[in-house]
Amino acid sequence: VKQFLLIRGLNEVRTGGLGGFSVTCLVTSLLQHLPKGHMQLNAGSILMEFFNFYRNSFQYNQVAICLDPPGYFSKKSFGNPNRLTIEDPNNADNDISGGARAIDLVLGAFASTHTTLKNRMEHLALVRGPSKSILGPIIAANFEKYTEQRNQLRQVFMTEKRFAGHSVPPPPLSEPYHVSGVHSAPPSLPVGPPLIRTPVTSVQRTINNARKFKDPRAEPEDISHEFSSDTRLAKPRKAQVGRHARRWRAARMKCLRPDLKNIPSSITVKQALWHGGYATNGEMKRDLSSRERSQAAV
């Protein structure tokens, strides 16, 4: 799929195309929703379903894609109806495909490709002769210019004096390693740098000694004096705090509002307001607190 978009100039986010991470998420979402039957789907049928689903079935202007948990949800909370919306699996507030302003061109290419591949397979099934590539009509290209450019760059690297101090990378091997016609194993990897042992501080030494020799049933020794005044506990990152808050909010909504369906595992305040039908954050807090008190009284 990435090669398909690259040939058509639709793989760069800065020009409105679909980036590699978005493509990976689209493929992952499709695989998550494929039927789990006794028959194993092959890569060809999955590719055909990919082109068919995202152009002919998926309504990108109405729903957004969620990978964890797998599913779809209304994209009203994102406010981006004219573009593809994929919830970032690492940050629920981030839309990783929001920059794909040329999504209509991308999906249009998917539709025409599905038709092209279908006609290609029907044609090859009827015509007898040497086997031909099924994917040739959609990803075949002339790479002679690319190869010529690589050779020119290598020639410049080997002849220019400014590159004299640099080693020349070996060309790719077309045959297995061999010596005098006898095949052998590839050369061993270079030896890495020596291991550097981290010095053990007095605090860690005290803890290790306590673990080795102290009776586990005895009262632990007070080693607070070993810590300097500069010692600080590591604070969680802001992104981690936000991620935990969104997951806690989603779990709370699922517990207190069992009438709501399709609540994702991570939800923002704006999404919670939309799912719960609340007008303000204060109204949502009062309602959820009232429900908590009612559950505690039961």
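Cut-offs applied
Per chain, the residues get numbers from 1 upward, laid out in the order the sequence is written. Only residues with pLDDT of at least 70 are given local features in this predicted model, and only at 80 or more are side-chain atom pairs given and counted; all residues enter the totals for whole chains, interfaces and linings. Heavy atoms throughout the structure, all of them, feed into the side-chain values; hydrogens and water do not. To define axes, lines are fitted to C-alpha atoms, for helices over the stretch in contact only, and angles between the resulting N-to-C directions are given on a 0 to 180 degree scale. Helix numbering and strand numbering both begin at the N terminus, where a helix is a DSSP run of H or I of at least 4 residues and a strand a DSSP run of E of at least 2. We call two directions roughly parallel when the angle between them is under 35 degrees, roughly antiparallel when it is over 145, roughly perpendicular when it lies between 65 and 115, and oblique otherwise. In what follows, a contact means two residues having at least one pair of non-hydrogen atoms within 4.5 Å. Residues are grouped as follows: nonpolar covers Ala, Val, Leu, Ile, Met, Phe, Trp, Tyr, Cys and Pro; charged covers Asp, Glu, Lys and Arg; every other residue, Gly included, is treated as polar. Put simply, a salt bridge is a Lys or Arg side-chain nitrogen that is within 4 Å of an Asp or Glu carboxyl oxygen. Exposure is judged per residue with a 1.4 Å probe applied to protein chains only, and the accessible area is read against the type maximum: over 50% gives exposed, under 20% gives buried, and values in between give partly exposed. For the purposes of this section, nonpolar cores are sets of buried Ala, Val, Leu, Ile, Met, Phe, Trp, Tyr and Cys residues that join through side-chain atoms within 4.5 Å. By convention the crossing between two helices is left-handed if the near helix lies anticlockwise of the far one by an angle smaller than a right angle, and right-handed if it lies clockwise. Using a grid of 1 Å spacing that covers the protein atoms alone, one calls a set of points a cavity when a 1.4 Å probe fits there but cannot get out, and a pocket when the set is open and has protein on both sides within 12 Å along at least five of seven lines; lining residues are those with an atom within 4 Å of a point. Grid points are joined across faces, edges and corners, and a volume is the space filled by probe spheres set on the points. Segmentation into domains, and thus their bounds, comes from an automatic or database assignment.

As annotated in an unreviewed UniProt entry, the protein carries the name PAP-associated domain-containing protein and comes from Penicillium flavigenum.

(A) Representation of the packing of helix α2 (residues 20–33) against helix α3 (residues 43–57). Where α2 contacts α3, the two axes come as close as 11 Å, and the packing angle between them is 105°. By the angle between their directions, the pair α2 and α3 is classed as roughly perpendicular. The segment α2 lies against α3, with Leu26, Val27, Ser29, Leu30 and Leu31 engaging Ile46, Glu49, Phe50, Phe53 and Tyr54. For the contact of α2 with α3, the per-class residue count stands at eight nonpolar, one polar and one charged.

(B) The pattern of salt bridges, seen in detail. Using the criterion set out here, one finds four salt bridges in the structure. Close ionic contact of Glu12 with Arg14 constitutes a salt bridge, the shortest N to O distance being 3.8 Å. Note on Arg14: relative accessible area 68%, which makes it exposed. With a closest N to O distance of 2.9 Å, Arg291 and Asp287 form a salt bridge. Note that Arg291 and Asp287 are positioned in helix α10 (residues 281–297) at a spacing of four residues, about one turn of the helix. Given a relative accessible area of 30%, Arg291 falls into the partly exposed group.

(C) Seen up close, the side chain of His275. Examined against the element boundaries, His275 turns out to sit in helix α9 (residues 269–276). With relative accessibility at 18%, the residue His275 sits in the buried group. If near-sequence neighbours (up to four positions away) are discounted, His275 is found in contact with Leu260, Asn262, Pro264 and Ile267.

(D) Representation of the nonpolar core within the structure. Leu5, Leu18, Leu26, Tyr54, Leu84 and Phe110 are the most contacted members of the largest nonpolar core, which totals 29 residues. Those elements that provide at least two residues to this core are α1 (2–7), α2, α3, β1 (63–67) and α4 (103–126). The element that contributes the greatest number of residues to this core is α4, accounting for six residues. In this view, Tyr54 contacts Leu26, Ser29, Leu30, Ile65, Leu107 and Phe110; residues no more than four positions away in its chain are not counted. The next biggest cluster of nonpolar side chains, apart from the first, holds eleven residues, and it includes Met253, Leu256, Leu273 and Met284.

(E) Up close: the packing of α3 against α4. Interaxial distance between α3 and α4 falls to 8 Å at its minimum, and their mutual angle equals 140°. In terms of orientation, α3 lies oblique with respect to α4. Where α3 crosses over α4, the two elements pack in a sense that is left-handed. Every residue of α4 that contacts α3 at Met48, Phe50, Phe51, Asn52, Tyr54, Arg55 and Asn56 is listed here: Leu107, Gly108, Phe110, Ala111, Thr113, His114, Leu117, Lys118 and Met121. A class-by-class count of the residues in the contact of α3 with α4 yields nine nonpolar, five polar and two charged.

(F) How the structure looks around empty space enclosed by the protein. Overall, the coordinates contain one cavity of 30 Å³ or more when judged by the stated rule. Estimates place the volume of the largest cavity at around 110 Å³. Put simply, the parts of the chain that give the lining of the largest cavity at least two residues each are β3 (87–88), β4 (91–95) and α8 (238–256). For the lining of the largest cavity, the residue count by class is two nonpolar, four polar and five charged. Each of two domains, domain 1 (1–126) and domain 2 (242–297), supplies a minimum of three residues to the lining of the largest cavity.

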